[in-house]
Amino acid sequence: MSDCLDDDAPPSAKLVVKVLEYSDDALTQQQISDRTRLSPRTVRSSIKRLKEQDVIEERVYIPDARKQLYILSDSVEECLGAGEAAVESAEAV
């Protein structure tokens, strides 16, 4: 995962990425906070940082337009997928 994120990314941002990576759907800030057990303020700060680095994308949450949904960007999805494939092939040897 370190290849896909900035080296100085805080652990909270890395945790947000992991939660989004293993989620089947996009998540709201509250859902991310619930799953990570991080404070809403910490999640908000991590989301801001990750959006600035184009790690995550923001979408409108249709049931409540005041909220946003967050999902990993395609480039980060590919990077994480490539990293997992490398680990699996190394384990097979």
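Residues numbered from 1 in each chain as written. Predicted model: local features only at pLDDT ≥ 70, side-chain atom pairs only at ≥ 80, totals over all residues. Heavy atoms only, no water.

S.K.: Describe in detail helix H2 (residues 29-36), supporting the description with residues and values.
M.R.: Listed as buried for H2 are Ile32, Ser33 and Thr36. One side of H2 carries all its buried residues, which in axial view fall inside an arc of 100°. Exposed side chains of H2 directed beyond 90 degrees from the buried face belong to Asp34 and Arg35. Here the buried face of H2 lies against helix H1 (11-22), strand E1 (27-28), helix H3 (40-52) and strand E3 (68-72). After H2 finishes, the residue Arg37 shows a positive phi value of roughly 65°. (Buried < 20%, exposed > 50% of the residue type's maximum accessible area, 1.4 Å probe, protein only. Helix = DSSP H or I, 4+ residues; strand = E, 2+ residues; numbered from the N terminus. Arc of directions from axis to C-beta. Contact = heavy atoms within 4.5 Å.)

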